[in-house]
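# Observations on chain architecture
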Amino acid sequence: MADDSFLWELSVDVPTPARVYNYSIGGKDHFSADREAALSAASQYPEVIDVSRENRLFLYRAVRLFARDQGISQFLDLGSGLPGSPNVHEVAHEFNPVSRVSYVDRDPMVLAHGRALLVPDDRVAVVEGDVMRPEVLLDDLVSSGRIDLSQPVGMLLLSVPQFVAQDRRLSRALEHYWDAVAPGSYLAVSQLAALSQAEVHRLNEFVSQRFRIGWRARLPEEINAYLGKWVPVEPGLGDVDAWRPDPTQPPITDIDERGQRFLGASRRQKRIFEYGGVLYKPE
Ligand SMILES: C[S@@+](CC[C@H](N)C(=O)[O-])C[C@H]1O[C@@H](n2cnc3c(N)ncnc32)[C@H](O)[C@@H]1O
């Protein structure tokens, strides 16, 4: 399926990536079809629910780094998904209350729920956009005054690149963001990965048989390649669960009882994981 298609029917009977993920991270915005899809994926890959939750915990550590340690005060959550706990603006405001956060997504339900639930005041906006078309998106954000490209930006592209099947589209988009943002800007990135070509292939087959979406899990070296000039901060790129782990960070919301039986599975076997880390554009 072409990358720029957004063809899955927006019906409660057809699972969407945002809603399946939202179920896994203990969110409230999902239907039966989404829960069944998440549980069916977990019956094949028991670690997948842990992996989603580890990604959401990584989001907290990345935003904290941007807001607290780097003093960044403008944030772009690219492919933000449905509200979860905590959300980017909640973490950003905890450590830097003047932060302005723009959530960007293309899924109508994400936009509607985000507008209803995520916008406490004019520091936060939910914006419709295709994050793979940064030239259009950044123009809109600049002209609406949401972002000032002369100042550093903290960007998140978490658990999104697997929905972009073509490497070239990813490398072009990431190069565009690099060129557009001020030195001192940061990018947190993650995507579903496996360590062998056979495992990547198995996962891609599994997803393509069940979901009508553009999709590509990748090997770490394929992910490194599309990141282009962005420079990783310590400890570099890898399983995001191991990126500056912090056992004292706030937990995310529990999953329901049916999902709970899969919790901890990633400690036993982890064939797939969210590969990523934090990168920046040096001064
Ligand atoms: C799995 S969710 C990830 C949510 C959040 N980033 C997180 O990591 O907690 C992926 C989200 O990316 C969005 N998405 C995928 N491709 C996109 C694109 N090209 N432009 C905008 N949103 C996109 C989907 O609609 C979905 O809401």
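These notes cover the structure that comes with them. (Residues numbered from 1 in each chain as written. Predicted model: local features only at pLDDT ≥ 70, side-chain atom pairs only at ≥ 80, totals over all residues. Heavy atoms only, no water.)

## A word on the site of the ligand
Inspection of the region around the ligand gives 18 residues, with Tyr21, Arg56, Gly79, Asp105 and Asp130 positioned closest. Taking Gly79, its main chain carries an N or O atom lying 2.7 Å from a nitrogen atom of the ligand. Protein chains bury 98% of the 600 Å² of accessible surface belonging to the ligand in isolation. Broken down by secondary-structure element, the contributors of at least two residues to the shell around the ligand are α1 (17–24) and α3 (48–69). Here the residues of the shell around the ligand are counted per class, giving 7 nonpolar, 6 polar and 5 charged. (Near = heavy atom within 4 Å. Polar contact = N/O pair within 3.5 Å; in protein donor to acceptor, adjacent residues only side chain to side chain. Areas by Shrake-Rupley, 256 points an atom, 1.4 Å probe, with all protein chains shown as cover. Helix = DSSP H or I, 4+ residues; strand = E, 2+ residues; numbered from the N terminus. Nonpolar A, V, L, I, M, F, W, Y, C, P; charged D, E, K, R; others polar.)

## A closer look at the nonpolar core
Core analysis: the largest hydrophobic core is formed by 32 residues, its most contacted members being Leu76, Leu78, Val131, Met155, Tyr177 and Trp230. Within the residue set of this core, elements represented by two or more residues are β1 (74–78), β3 (124–128), α6 (134–143), β4 (154–158), α7 (167–180), β5 (186–194), α9 (220–226) and β8 (272–280). Ranked by the residues each element gives to this core, the list is headed by α7, at 5 residues. (Core = buried A, V, L, I, M, F, W, Y, C linked by side-chain atoms within 4.5 Å. Buried < 20%, exposed > 50% of the residue type's maximum accessible area, 1.4 Å probe, protein only.)

## Things to note about the packing of α6 against α7
The axes of two packed helices give the description: the angle between them and the distance between them. Where α6 contacts α7, the two axes come as close as 9 Å, and the packing angle between them is 35°. Residues Pro134, Glu135, Leu137 and Leu138 of α6 form the contact with α7, whose participating residues are Ala173, His176, Tyr177 and Ala180. Residues of the contact of α6 with α7, tallied by class, amount to 6 nonpolar, 1 polar and 1 charged. (Axes fitted to C-alpha atoms, helices over the stretch in contact; angles between N-to-C directions. Contact = heavy atoms within 4.5 Å.)

## Things to note about the packing of aromatic side chains
Counting across every chain of the model gives 9 aromatic pairs. With centroids separated by 6.4 Å and ring planes inclined at 75°, the aromatic side chains of Tyr60 and Phe95 adopt a geometry described as edge-to-face. Of the two residues, Tyr60 is situated in helix α3 and Phe95 in helix α4 (residues 88–95); the sequence distance between them amounts to 35 residues. We classify Phe95 as partly exposed; its relative accessible area is 24%. Through a chain of ring-to-ring contacts, the aromatic side chains of Phe66, Phe75, Tyr186 and Tyr280 assemble into a single cluster. Here the guanidinium or amino end of Arg68 rests over the ring plane of Phe95, the centre of that ring lying 5.8 Å away. Here Lys281 stacks its cationic end above the ring of Trp178, 5.4 Å away from the centre of that ring. (Phe/Tyr/Trp six-rings, centres within 6.5 Å; stacked < 30°, edge-to-face > 60°. Lys NZ or Arg CZ within 6 Å of the ring centre and 35° of its normal.)

## Some thoughts on α3
For α3, with 22 residues, the first-to-last C-alpha span of 31 Å sits near the 32 Å given by 1.5 Å per residue. Burial runs high along α3: 19 of the 22 residues are buried. (Expected span 1.5 Å × (residues − 1).)

## Let's talk about the side chain of Glu199
Summarising the element assignment, Glu199 is placed in helix α8 (residues 197–210). Take Glu199: its relative accessible area is 9%, and that puts it in the buried class. Setting aside residues up to four positions removed in sequence, Glu199 forms contacts with Tyr45, Ala194 and Arg271.

## Some remarks on the pairing of β4
Of all the 5 residues making up β4, 5 are buried; the element is thus mostly covered by neighbouring parts of the structure. When β1 meets β4, the two strands line up parallel, connected through 3 bridges. The partner of Leu76 across the bridge, within β4, is Met155. Where β4 and β5 come together, 5 bridges link them in parallel fashion. Following the sheet pairing, Met155 is matched in β5 by Leu187. Tracing the backbone out of β4, into α7 and back to the parallel element β5 gives a crossover that is right-handed. (Pairing = 2+ DSSP bridges. Right-handed = clockwise from strand over helix to strand, strands pointing away.)

## Topic: the pairing of β8
For β8, the buried fraction is high: 8 of the 9 residues fall into the buried class. Bridge count for β5 against β8 is 9 bridges, and the pairing is antiparallel. From the neighbouring strand, Ala193 faces β8, where its bridge partner is Phe273. Sheet topology places strand β6 (residues 231–232) next to β8; 2 bridges connect them, and they run antiparallel. Paired with Val231 across the two strands is Tyr280, which belongs to β8. Pairing of strand β7 (residues 238–239) with β8 involves 2 bridges; the strand directions are antiparallel. Considered in β8, the bridge of Asp239 is made with Tyr275.

Just distances and angles here, no functional claims.
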